[in-house]
Amino acid sequence: MDQPPPRNARSFQSGAPIKTPPGLDARSAAVLREIVEQYVETGEPVGSRTLSRLLPMGLSPATIRNVMADLTDAGLLFSPHISAGRLPTDRGLRLFVDGLLHFGELSDEERERIEAALAQSGRSVQDTLTEASTLLSGLSSAAGIVLAPKSEGAVKHIEFVPLSSGRALVVLVSADGQVENRVIETPLGLPPSALQEASNYLNAQLSGLSLADLRVRVAADMKADRSALDSIAAGIVEAGLATWSGEGRGGSLIVRGQGRLLADIDQVEKLASLQQLFERLEAQETMLKLLELAERSDGVRIFIGAESGLFGASGMSMVVAPARNRNDRIVGAIGVIGPSRINYGKIIPVVDYTARVIGRLLG
């Protein structure tokens, strides 16, 4: 049974009309929107005199100060220090994203750039996802995150390819067409025939088995000494399967551009929060939570502050979308993590389109 999305999470729909949020009149909404947009652009508090010049409504600084005071009392703005300027709170950002944000549209050139970066032939699934994470980081000036769930489907083919002396490439092709590569160490002077023997043996054992089931069958076969492999080829088979044995069920999380999150850090407490975030990104439970968030969404989801449950860092936001294949099955989660002043209007359509491209490529 599908669960409803968590409160304060929003799915992105391109072209959705901008509406005045409940509880705000048009004047208050305009002031809040302008403060958030200036915050996204500069990161600095915005004062009433600046707003009076920017707003097209002809409001005096005194009137704007009264509106700002009301928005502050409502928990939507705060003053970072003793000054007349205001910044949005996480709640104010949420209200802005939910009702006041104007989403941009990707140009044909931007779409073609994303397609070209991800659709290069001959690339493994891992390389494609790594490129997607790097691409998102570059386009958003934040950290790009891509989660590929571990495939539990049937294995179609396994091949051992000789590389330089002492190394071989293990190529695994799943029944749904995904290709993964691993490099293993091999004995020096290993004859190519041993690699071919190992490939032939494993492919003869497949018959629609998942990787986990294949490991069980091979282990039992070798324990009973039924494999008909010589000791060298048997070692290659064990080494090849072992390259996947340590992976948990959450899949692989690829993060690129972490350094971008440090660019504006000037406070020790903020640095400690980021270090905690990096640690959580490496944890298995984070991967599972990201998959859960993706599975419960039809489109892009925006989490501000602690809303995602992945980290408690105020001043941080995450934009994430599911990548679904042609059968509507989740094949990954795509997104960015950055400061709360990220350019939501630009980043949301980028994440949305990148997730669609990844879903198509992997589906």
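Since this is a predicted model, take the numbers as computed values, not measurements.

Considerations on helix α12 (residues 344-362)
And then number 1: Between its first and last C-alpha atoms α12 spans 26 Å; for 19 residues at 1.5 Å apiece the expected length is 27 Å, and the two agree.
And then number 2: Of all 19 residues in α12, 15 are buried, a share of seventy percent or more.

Looking at the sheet that holds strand β6 (residues 167-174)
And then number 1: Strand order in the open sheet formed by 3 strands is β5-β6-β7, and the pairing between neighbours is antiparallel. Each edge of the open sheet is held by one strand with a lone partner, namely β5 (155-162) and β7 (179-185). Put simply, the sheet's adjacent strands are angled 20° from each other on average, direction ignored.
And then number 2: As defined by bridge partners, β5 adjoins β6 across 7 bridges and the pair is classed as antiparallel. When the bridges of β6 are listed, F160 appears paired with V170.
And then number 3: Across the sheet, helix α7 (residues 192-205) is in contact with β5 and β6; its angle to β5 comes to roughly 175°.

Considerations on unusual backbone geometry
And then number 1: Look at S141: it is not a glycine, yet its phi comes out positive at around 55°.
And then number 2: Mapped onto the elements of the fold, S141 is located in the loop between α6 (125-140) and β4 (143-148).
And then number 3: With relative accessibility at 48%, the residue S141 sits in the partly exposed group.

Description of the pairing of β7
Every regular strand shows the same layout, with side chains that alternate between the two sheet faces.
And then number 1: Burial of the side chains of β7 is restricted to one face: E180, R182 and I184 are buried, whereas none of V179, N181, V183 and E185 on the reverse face is.
And then number 2: Note that β6 and β7 share 7 bridges and pair antiparallel. Across the sheet, the residue bridging to L172 is E180, located in β7.

Looking at the packing of helix α1 (residues 26-42) against helix α4 (residues 90-100)
How two helices pack is summed up by the angle between their axes together with the distance between the axes.
And then number 1: In contact at an axis separation of 10 Å, α1 and α4 are set at 110° when each is read in the N-to-C sense. Regarding the angle of α1 to α4, the classification is roughly perpendicular. Of α4, the residues touching α1 (which contributes A29, L32, R33, V36, E37 and Y39) are G92, L93, L95, F96 and L100.
And then number 2: Partitioned by chemical class, the residues of the contact of α1 with α4 number 8 nonpolar, 1 polar and 2 charged.

Digging into the side chain of S340
And then number 1: With respect to the element layout, S340 can be found in the loop between β11 (330-339) and α12.
And then number 2: Side chain to side chain, S340 and Y39 meet in a polar contact 3.0 Å long.
And then number 3: Not counting chain neighbours up to four residues away, the residues in contact with S340 comprise Y39, L93, G315, M316 and S317.

What about the nonpolar core?
And then number 1: Core analysis: the biggest nonpolar cluster contains 60 residues, and V319 and Y344 have the highest contact counts within it.
And then number 2: With 10 residues, the single largest contributor to this core is α12.
And then number 3: Beyond its immediate chain neighbours, meaning those up to four positions away, V319 contacts V300, R301, I302, I334, G335, V336, I342, I347, I348 and V351.

What to know about the packing of α1 against helix α3 (residues 61-73)
And then number 1: Packing of α1 against α3 leaves a shortest axis separation of 10 Å and a crossing angle of 85°. It follows from the interaxial angle that α1 and α3 lie roughly perpendicular. Across the interface between the two elements, R27, S28, V31, L32 and I35 of α1 pack against T63, V67, M68 and L71 of α3.

What to know about the environment of A242
And then number 1: On the secondary structure map, A242 appears in helix α9 (residues 231-245).
And then number 2: Judged by its relative accessible area of 42%, A242 is partly exposed.
And then number 3: Each C-alpha atom of the pair A242 and I184 lies 9.3 Å from the other, and the pair is 58 residues apart in sequence.

Some points on the pattern of salt bridges
Where side chains of opposite charge bring their charged atoms close, a pairing between them can arise.
And then number 1: Applying the stated criterion to the full structure yields 5 salt bridges.
And then number 2: The shortest N-O distance in the salt bridge between D352 and R356 comes to 3.2 Å. Here D352 pairs with R356, and both are found in helix α12, just 4 residues apart, close to one helical turn.
And then number 3: Residue classification places R356 among the exposed positions, given a relative accessible area of 52%.
And then number 4: Among the ionic contacts, a cluster of salt bridges with common partners joins R94, D98 and E307.

Reading the values: the criteria
Residues numbered from 1 in each chain as written. Predicted model: local features only at pLDDT ≥ 70, side-chain atom pairs only at ≥ 80, totals over all residues. Heavy atoms only, no water. Helix = DSSP H or I, 4+ residues; strand = E, 2+ residues; numbered from the N terminus. Expected span 1.5 Å × (residues − 1). Buried < 20%, exposed > 50% of the residue type's maximum accessible area, 1.4 Å probe, protein only. Pairing = 2+ DSSP bridges. Axes fitted to C-alpha atoms, helices over the stretch in contact; angles between N-to-C directions. Contact = heavy atoms within 4.5 Å. Parallel < 35°, antiparallel > 145°, perpendicular 65-115°, else oblique. Nonpolar A, V, L, I, M, F, W, Y, C, P; charged D, E, K, R; others polar. Polar contact = N/O pair within 3.5 Å; in protein donor to acceptor, adjacent residues only side chain to side chain. Core = buried A, V, L, I, M, F, W, Y, C linked by side-chain atoms within 4.5 Å. Salt bridge = Lys/Arg side-chain N within 4 Å of Asp/Glu carboxyl O.

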